[in-house]
Amino acid sequence: MTLTASPGTTGRDTADLAVDLDGVVKRYGTVTAVDGINLSIRPGEVVALLGPNGAGKTTTVDMLLGLAQPTEGTVRVYGRKPHNAVALGLVSAVMQTGGLLKDYTVEETVKLTAVLFGKPPSVVGEALERAGIADIGKRLVGKCSGGQQQRLRFAMALLPDPELLILDEPTTGMDVGGRHDFWQAIRRDAAGGRTVIFATHYLEEADAYADRVVFVRRGQIVADGTASQVKALASGRTVRATLPGAVASELESIAGVDTAEIRGDTVYLHGRDTDDIARYLLNSTAARDLEITSRNLEEAFLTLTADDAGGSR
Amino acid sequence: MTTVAARSLPRFGGFTLGMIRLELRRMVRNRRTVIFTLVMPAAFFLLFGTNAASRTESIGDGGNVTGYILVSMAVYGAMLATTSGGAMVSIERAAGWSRQLRLTPLKPIAYIAVKLVLAMIIGAVSVAVAFLVGSVSGAKLPVHAWIECGLLAWVCALVFAAFGLFMGYLLPSENVMQILGPVLAVLSFAGGLFVPVDNLGHTFATIAKFTPVYGVGEIARYPLTHDGNLWLAALNVIVWTALFAAGAIWRFRRDTARV
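Everything numeric here is computed off the predicted structure, so don't read it as measured data.

This brings us to the overall build of chain B. The helix and strand tally for chain B stands at 12 helices and two strands. For chain B, the C-alpha radius of gyration of 20 Å lies close to 18 Å, the compact-globule estimate for 259 residues. Dimensions of chain B, computed from C-alpha atoms along their principal axes, come out at roughly 70 × 40 × 30 Å. Looking at chain B as a whole, 47% of its 259 residues qualify as buried. Summarising the internal contacts of chain B: among those between residues at least 6 apart in sequence, 79% fall at separations of at least 24.

Here it is in structure tokens:
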């Protein structure tokens, strides 16, 4: 079960890619966290790494940031080793939790990050502004809410003006309002052409903010497509009907049908306007026993990430 | 956005005065550190060192017992200060801050250097505060001894900066100083900071000479007392510094390899 519509895997030229994972495997003792991932991401893409907990998303992110070394394969970020890309400020990240000191103020934390990246003090106010936390600059980090801390991490990540921004489960533990504000800030920022990769298990987030979705399961990529392709796969509905002797090409030419599948006497027609499809089937063919079912991203996600019995491995 | 080519690495692996300034401000904000390193040694001195007998009994050339105790307490303070400076690492690792720093150009070695500088700065402040309190509370030392004892107490406290770093990497605790505080008190006692080693009995006095605080105390008091075996004390300091530094490097290597 693999949908591959990866933009960028053709004409592979490492130097031009934002991210290039080639045959990457990561084992911790006997546990294989990442099991052979090939992934190319071009500059400017906003990519969601989607998958259940323990799928290998965080391990992949760690390797992109040079926090973990792959057991096999190579990782390149803008043609460089991750560690070097990080040091140069080409890539930065907003991590899930931790990474802040309680007894610094918000402003001092950003100031320290600026000092470390050799940036002038003037960038501090700007970063606080962009992350929407300029008003709480004097507050101690320990007194900030989860959402505020996350926006502080965002402010720190923006400081080196990275080409690639990585967000690892960025909205974990945030309430709905906080999540909304956070994504607003990310969205404003990504409009400037930054490459963004975010790991999430929130389907809505992947749907709403990514233009490419990479499904990960058990350390492998099981689907990779643009957001619209994934949406087409996931949204819409399916008309099931009994229609003996159907021909696939004829079915696909029916107005409104995106994909058609024939299993014995049963046909499955997938498309957006299933009313039209149903009307056509009833009026113009011998189809009977019609049934219309909906598929959403949730279902697609489950299908793609579930452990299939005697499955593909 | 800046182009890929225009980016460069900061000098000295990210070791900057700006970072030291911010870190100092944070340290001062921590009330426990301030009490531990500045108030406590001075208070101990006032409590144990300023009675009439100590003030009148003279030591060396123009010093008194109060001055002798003051130097010991200054060593104790410097030791607490440098240990807690090094042990900051532990808190920062527990908070995931070390990991965050790995997402910056800061080299691990520059991070260690910053921590050492910080440890030595608060060590210096600790010695200065103790001496200031001592000077107005009846401690008498010859002028050269004020300077030499202070400097030696401070410089030798480098042993404990290494000790603090080692423990900071060894103990993944938020409250590492709550463990190290009592440890240092025991070591100080064993090393003759609170009671002269010779008062402890022969067997214990012999053991005391091998403990890490003994050498620092002997060296720091030497300009006043001109007493004891300086070479033995120096050897003590060198060996313990090497041991703690080796331990810190060992844990540090493991730490950077793992994260």
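Listed per partner, the contact involves 28 residues of chain A and 26 residues of chain B. Residue assignment for the side of chain A that touches chain B shows that the elements contributing at least two residues are helix H2 (82-87), strand S6 (91-94) and helix H3 (106-116) of chain A. Top contributing element to the side of chain A that touches chain B by residue count: H3 of chain A, with six residues.

Attention shifts here to the environment of aspartate 22 of chain A. Residue and element names in this part refer to chain A. Mapped onto the elements, aspartate 22 comes out in strand S2 (residues 19-28). Given 16 C-beta atoms within a 10 Å radius, aspartate 22 is considered partly exposed. With 146 residues separating them in the primary sequence, aspartate 22 and aspartate 168 have C-alpha atoms 21 Å apart. Not counting the four nearest positions on each side in its chain, aspartate 22 is found in contact with Asn38, Gly73 and Thr74.

Residue and element names in this part refer to chain B. Here helix H4 (residues 65-94) is 30 residues long and its end C-alpha atoms lie 43 Å apart, about the 44 Å a rise of 1.5 Å per residue gives. Of all 30 residues in H4, 27 are buried, a share of seventy percent or more. Taken from the residues just after H4, glycine 96 is the one with a positive phi, measuring 80 degrees.

Calculation rules
Residues numbered from 1 in each chain as written. Chains lettered and ligands numbered in written order. Predicted model: local features only at pLDDT ≥ 70, side-chain atom pairs only at ≥ 80, totals over all residues. Helix = DSSP H or I, 4+ residues; strand = E, 2+ residues; numbered from the N terminus. Rg over C-alpha atoms; globule rule 2.2 N^0.38 Å. Buried ≥ 20, exposed ≤ 12 C-beta atoms within 10 Å, placed from the backbone. Contact = placed C-beta atoms within 7 Å. Expected span 1.5 Å × (residues − 1).

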